[in-house]
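If you want the building blocks of each chain, they are given just below.
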Amino acid sequence: MDLSERKLKILQAIISEFVRTAEPIGSRSLSKREGLDFSPATIRNEMADLEDMGYLTHPHTSAGRVPSEKAYRLYVDNMMNRYELTEDEKNFIAGKLYEHTTELNETIAHASKLLSEITNLISFAMTPAQDSEKLKYVNLLPVDEHTIVLMIVSEGGRVSNKALHLESPCDPETLQTLAKSMTHLYKGKTVTEALTVDIASAVHTDIEAFRRLAQGIKPQFVKTLEDMLNVELYMDGLTNIFDLPEYSDLDRAKMFMEMVYRKEDFAKKLISRDDGLLITIGTENPDEEMSDCSLVTATYHVDGRLVGKLGVIGPTRMKYGEVTSVLEYITNNISNSFKLTDATEGEKDK
């Protein structure tokens, strides 16, 4: 069932009011809102329909309704008004971003702090991967019929090992052949470059067992490459959580804080996210501990090369329009500024 214009208008008003107040919304208070020329009875009936359709939930302790994840997803995808930054806001952000520094890593640290100050949420930023080392070879060492060790060695001597379980037994000769093919494919590439190359490119055979082995290794091979990236994760505004009504329960706040304090695990979650601007709401996040959170990330570039992510994490009751506008402006500013810096330096070298 498609939502009528009236239902959409009422739902948008409920989301806007709930984001502002964090209080369940009743039909009578909503009827007093400017621009909603419907009676309380009409609004009440529409709200009951929206609840039946899964867009609203009904807290037991209140007669009002609150938006569901489904409502927030509809809002983000189809109803969200883009927040336009003023020139004063843009100048403020740009000034703070490059205050006392022209170095990328310091700028990224400033960006995280600034994002937290503007949104009043927990912010984070990942610096570029230290990706100067190139891969030298890949080896697959048999332990038993169903276990092998994946070994990736860089030209600088850095070694990463991971034990893998195979669904089907594999003979050492097949392992050696695949290892040689992978070495040929990945040798001389940086980790970031290697992540863009599908392991299937190393398989030039119709032998099903060989192809199945390559596909079985692929997920852990990619994960091992990602683990080789030496990223720095900055986080700011951690105490902002205590100002949010959603985390007035200390046990809930503690669980949230424990999650974000596990920086290594959190960094891996960020690495695995798609590029560009991405908003995941509640149970769209893969981990149960993030099932009542929204995670918003955007990527930034240096000289056209994707190098890191910037974003915020907070309750699903979030000012998505403002957050995404600020986030996009900051990441675009970083990308454009360091692209120009690289170009200028190139001119100086001529």
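Details of the structure are given in the entry above.
Report follows, based on the coordinates.

A word on the overall build of the protein
Consideration 1: When helices and strands are counted, the protein shows 12 helices and 10 strands.
Consideration 2: When each of the 350 residues of the protein is scored for burial, the buried share is 45%.
Consideration 3: Within the protein, counting contacts between residues at least 6 apart in sequence, those at least 24 apart form 59% of the total.
Consideration 4: Per element, the accessible surface of the protein, about 18,700 Å² overall, is 48% carbon and sulfur.

Some words on the pairing of strand β4 (residues 135-144)
Consideration 1: One ladder, built from eight bridges, connects β4 with strand β5 (residues 147-154); its direction is antiparallel. Bridging across to β5, Pro142 finds its partner in Ile148.
Consideration 2: The turn linking β4 back onto β5 is made up of two residues.

Remarks on the packing of helix α1 (residues 5-21) against helix α4 (residues 69-79)
Consideration 1: At a closest axis distance of 11 Å, the pairing of α1 and α4 adopts a crossing angle of 110 degrees. Classed by the angle they form, the pair α1 and α4 counts as roughly perpendicular. Counted together, Leu8, Leu11, Gln12, Ile15, Phe18 and Val19 of α1 and Ala71, Tyr72, Leu74, Tyr75 and Met79 of α4 form the full contact between these two elements.
Consideration 2: For the contact of α1 with α4, the class distribution of residues is 10 nonpolar, one polar and no charged.

Scoring rules and cut-offs
- Numbering of residues starts from 1 in each chain and follows the order in which that chain's sequence is written.
- Given that this is a predicted model, residues contribute local features only at a pLDDT of at least 70 and side-chain atom pairs are listed and counted only at 80 or more, while totals for whole chains, interfaces and linings are drawn from all residues.
- Only heavy atoms go into the side-chain values, all of them from the structure, while hydrogens and water stay out.
- Note on conventions: DSSP H or I runs of at least 4 residues are helices, E runs of at least 2 residues are strands, and numbering of each starts at the N terminus.
- Only protein chains enter the accessibility calculation, which uses a 1.4 Å probe; a residue is then buried when its area is under 20% of its type maximum, exposed when over 50%, and partly exposed in between.
- Note on definitions: a residue-residue contact is assigned when non-hydrogen atoms from the two residues lie within 4.5 Å.
- Computed by Shrake-Rupley with a 1.4 Å probe, the accessible areas treat only the displayed protein chains as cover when residues are assessed.
- A pair of strands is labelled paired if DSSP reports no fewer than 2 bridges between them.
- Axes, fitted as lines to C-alpha atoms, cover a helix only where it is in contact. Angles between the N-to-C directions of the axes lie from 0 to 180 degrees.
- Geometric relationships in this document are graded by angle, where less than 35 degrees denotes roughly parallel, more than 145 denotes roughly antiparallel, 65 to 115 denotes roughly perpendicular, and other angles denote oblique.
- Under the scheme applied, nonpolar residues are Ala, Val, Leu, Ile, Met, Phe, Trp, Tyr, Cys and Pro; charged residues are Asp, Glu, Lys and Arg; polar residues are all the others, including Gly.

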